Amino acid sequence: AGCVPIDSTWAKDALGCDVSLRRLNIWGDDAGVLTLVGPGFNVVRDMTFPAEGRNGGDIKYDGVRNGYGSLVLSGQDYELTGLFNGPDRSWIVEFSDPVLDDYFGTDWVNLRVGGETCQLRQSDDRSFICAMGEFGGLCNSRTLSSHNIIAAGHVRCADGSPNPTPSPPSPSSTHTSSTVSQTTSTTSSSASTSRQAPVLFPPISGGSANWALHRELNCWDGHGARSLPNSNPLLGTYTVEGCREQCEMNLECEAAVIAKHVSTPKFPCFLRTILQISQCRDYADFDVWEIRRTTVTASTTSRSTVVTSATSTTTSITSSASSTSSSSSGDFVPVDGGIDRACRGASSGDNSPSYYVIQNGISGLEGCKAICIIDALCQGIEYSTGRCELWVRPGGIEATAAVSGFICLRYTGAPTTTPSPWSFFPVDGGVNRACRGRSVNDNLASYYHVAASRGMSLTQCQAACAELAGCQGIEHNQGGRCELWTKSIQATRSLTGYTCLRFDAWRLYQGSNCYEGHGGSLLHYITEKISVDGCKAECLKKDHCEGISVRSGWEESPCWLYTQINLNSCVLDYPDYDFWHRLQ
């Protein structure tokens, strides 16, 4: 009650509420599925995606953030149930946020757990929260008397006074300092009377840019800089050098900001552009590394060389004939500059999952190139750290989209044939490897069928495997010999000219989802958390199962089985889920 659908100006399939809707968090260990009873949840549970029982009060554990989260209405009474047992286990209860308290006035809810009730307020002490949340800070999760906690099966109310919420330090008065010499910087800086002078540093290992370190300073949106997309902060944590490397690889980056106050060897890393040091703020917990790009000379190496100028934003990429493996009959050339470009089909928005095959376990850009060279259908590659896409679109790569951290290269030795619908993955790198059973010497003739002793292409060998029931993979050599392995391939042997590939009757679409109304029809939902292989096994038991959805990055996840798959209607930008399409 009080919530209605709103149009897509705000968000897709969203609701807007004219009631005081607030957040309730439970921080601690996994206690199974919790259930909230109270206003808003007195309905029949919808177990389909994306509700998954949440509309009826179910709250599932978030293993990434180590807690639970749900919504409640301010000024109402709720009861929470779950497996809150164990003498040494406790959970901290958090309601709403002090910012909302400052704006709207005091909100509250009454929460009942195990027969006892506490009133939760936005002003409650939340000193348990990590300094940088999930971004790498060490949490002081000790419970205090000023916290509302759940222990021994019931809620214990806070009896201490709330601690004031800390505020960032105010900026000092500033005055204009002398302009830094253009031989070392292209940015004029102003500093406060107490601000330390920047410290100049030479290029990091493998880099070409100089750096100026501004200690105890922070630059962010509206305060001397603009955040780069998906970099506020970058996913994960970094060493100081690692953060600077991320900045140097992004040609729009003008500064790397380090949140240095967390007590770990790695830190949250923020990338900034449009830097104006004079507008940044003194901030004891942060350091700003200003990049000062210098002109470099392109060299003939196995990597593309970025050429930049300290006084110009013009960039170019040079590529040499030696940039590919010597076994290649073609070359890899950058598309639309190559760096910070993601491959696309006919236009920048044309990115059908049928255009490429994701190769996991590839070691670096050169490994991604090597797999493309041996794939008879590969038109080029899109590479980012730990991710390699082999593009098999018949028309090749005709466009790109600007995406930081990605590289798009066209393979000039590519064929023009129709792409293969099958997924084959390299075993131990695949190239110059012969397939084996349990060890490098385990090579019984009963493990495989010889489809051809010579003259068969790699693509034909793959097709023969896909048609053979129980095929586990292929061994193919340059002379055209093709072995179809029906024995599990657990090892390989180094052998020049051979390729060993494992067949997977599933194609993975990472960060994508097919579900009711969006490319799939739900066949079965398994609420228990199981492995991806376990979910696949459940699908294989059902004749009409055509694919599965699982939570992305989870070792074990709930499992959704789908039928009537239409990939063109699936949601391809769905970071929390992975979709596996069944090919056989």
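Residues numbered from 1 in each chain as written. Predicted model: local features only at pLDDT ≥ 70, side-chain atom pairs only at ≥ 80, totals over all residues. Heavy atoms only, no water.

**Here we look at the sheet that holds strand 5 (residues 58–59)**
As a reminder of what qualifies: Any two strands with at least two DSSP-identified bridges between them are counted as paired. Helix and strand assignments come from DSSP, with helices taken as H or I runs of at least 4 residues and strands as E runs of at least 2, each series counted from the N terminus.
Taken together, the 5 strands give an open sheet; going across it, the order is 5-4-7-9-10, and neighbouring strands pair in mixed fashion. The open sheet terminates on both sides in strands that have one partner only, identified here as strand 5 and strand 10 (116–121). As defined by bridge partners, strand 9 (residues 108–113) adjoins strand 10 across 6 bridges and the pair is classed as antiparallel. Each residue of the ladder has a partner; that of W108, found in strand 10, is R121.

**Quick look at unusual backbone geometry**
Where we set the bar: A simple rule labels every residue: compare its accessible area, found with a 1.4 Å probe on the protein chains alone, to the largest value its type can have, and call it buried under 20%, exposed over 50%, or partly exposed in between.
Here the residue pair N232 and P233 is connected by a cis peptide bond, since its omega of 0 degrees sits within 30 degrees of zero. Of note, P233 is situated in the loop between strand 19 (224–227) and helix 2 (240–249). Even without being a glycine, A152 presents a positive backbone phi close to 55 degrees. Along the chain, the position of A152 falls in the loop between strand 11 (148–151) and strand 12 (154–156). Positive phi, close to 60 degrees, is recorded for D340, a residue that is not glycine. Summarising the element assignment, D340 is placed in strand 26 (residues 332–344). Accessibility expressed as a relative area gives 14% for D340, which makes it buried.

**Digging into the state of the cysteines**
This is how the line gets drawn: Note on terminology: disulfide denotes any pair of cysteine sulfur atoms within 2.5 Å.
Per the counting criterion, the structure on display carries 14 disulfides. Residue C3 pairs covalently with C17 via a disulfide, S to S 2.1 Å. Between C3 and C17, the S-S torsion sits near 105 degrees, and that sign places the bridge as right-handed. Separated by 14 residues along the polypeptide, C3 in strand 1 (residues 3–5) and C17 in strand 2 (residues 15–17) bring together distant segments of the chain. The disulfide partner of C243 is C269, and the gap between their sulfur atoms is 2.0 Å. Between C243 and C269, the disulfide has an S-S torsion of 80 degrees and is therefore right-handed. Residue C243 is located in helix 2, and its partner C269 is located in strand 21 (residues 269–273); the two are separated by 26 residues in the primary sequence. Just as C243 is buried, C269 falls in that class too.

**Let's talk about the packing of aromatic side chains**
Put simply, the rule reads: Stacked, tilted and edge-to-face are the three classes applied to pairs of Phe, Tyr and Trp rings, where Trp contributes its six-membered ring and a pair requires centres within 6.5 Å; stacked means planes under 30 degrees apart, edge-to-face means over 60, and tilted covers the rest. Counted as over-ring charges are cases with an Arg CZ or a Lys NZ within 6 Å of the ring centre that also lie within 35 degrees of the ring normal.
Scanning the entire structure with this criterion turns up 15 aromatic pairs. Ring geometry for W220 and Y283: centres 6.1 Å apart, planes at 70 degrees, overall edge-to-face. With W220 in strand 18 (residues 220–221) and Y283 in the loop between strand 22 (281–282) and strand 23 (286–292), this pair connects stretches of sequence that are 63 residues apart. Of the residues examined, Y283 reaches a relative accessible area of 16% and is grouped as buried. Taking the centre distance of 5.8 Å and the plane angle of 85 degrees together, the rings of Y515 and Y574 count as edge-to-face. Placement of Y515 in strand 37 (residues 515–516) and of Y574 in the loop between strand 40 (557–563) and strand 41 (577–582) is noted, with a sequence separation of 59 residues between them. Take Y515 and Y574: they sit in the same class, and that class is buried. Taking the ring centre of W211 as reference, the NZ or CZ of R244 above it sits at 5.0 Å.

**Concerning the pattern of salt bridges**
As a reminder, the rule being used: Within this document, salt bridges are pairs made up of a side-chain nitrogen of Lys or Arg and a carboxyl oxygen of Asp or Glu, the two lying within 4 Å of each other.
Per the counting criterion, the structure on display carries 13 salt bridges. A salt bridge links E382 to R344, with the nearest nitrogen and oxygen atoms 3.9 Å apart. Residue E382 is found in strand 28 (residues 380–384), and its partner R344 is found in strand 26; the two are separated by 38 residues along the sequence. With respect to burial, E382 and R344 carry one shared label: buried. For the salt bridge of R481 with E483, the shortest nitrogen-to-oxygen distance reads 2.8 Å.

**As for the nonpolar core**
Operational definition: We call a set of buried Ala, Val, Leu, Ile, Met, Phe, Trp, Tyr and Cys residues a nonpolar core when their side-chain atoms join them within 4.5 Å. Contact between two residues is taken to exist if any of their heavy atoms lie within 4.5 Å; hydrogens are not considered.
Of all hydrophobic cores here, the largest spans 26 residues; its most connected members are C465, I474, L484, I548 and L561. For this core, the elements supplying multiple residues, two or more each, are helix 4 (458–467), strand 34 (482–485), strand 35 (491–504), strand 36 (506–509), helix 5 (532–540), strand 39 (547–551) and strand 40. Looking at this core element by element, the count peaks at 5 residues for helix 4. Among residues more than four places away in sequence, those in contact with L484 are Y447, Y448, H449, A451, C461, A464, C465, L468, C471, G473 and I474. In terms of nonpolar packing, the next biggest core, distinct from the first, is built from 24 residues, L24, V113, I150 and V155 among them.

**Some details on the environment of E116**
Tracing the backbone through its elements, the reader meets E116 in strand 10. Residue E116 is classed as partly exposed on the basis of its relative accessible area of 38%. In sequence terms E116 and R156 are 40 residues apart; their C-alpha atoms lie 7.8 Å from each other. For E116, the residues in contact, after removing those within four places along its chain, are L111, H154 and V155.

**Side note on the side chain of E475**
Threshold: N or O atoms closer than or at 3.5 Å make up a polar contact, with two conditions inside protein: a donor-capable atom paired with an acceptor-capable one, and, for residues adjacent in sequence, both atoms drawn from side chains.
In this fold, E475 is placed in strand 33 (residues 473–477). Side-chain polar atoms of E475 contact the backbone nitrogen of C435, separated by 2.9 Å.

**Considerations on helix 2**
For helix 2, the full list of buried residues reads G242, C243, R244, C247 and E248. Contact partners of the buried residues in helix 2: strand 15 (199–201), strand 16 (210–214), strand 20 (255–259), strand 21 and strand 23.

**A closer look at the sheet that holds strand 16**
The condition is simple: Where helices are involved, their axes are fitted lines through C-alpha atoms of the stretch in contact, as for all axes, and angles between N-to-C directions lie from 0 to 180°.
Read across the open sheet, the 7 strands follow the order 15-16-23-20-21-19-18; overall the sheet is mixed. What marks the edges here is a single partner per strand, and that holds for strand 15 and strand 18. Here 4 bridges tie strand 20 to strand 21, and the two strands are oriented antiparallel to one another. By the bridge assignment for strand 21, A255 is matched with R272. Sitting on the sheet, helix 2 is in contact with strand 15, strand 16, strand 20, strand 21 and strand 23, with an inclination near 150 degrees to strand 20.

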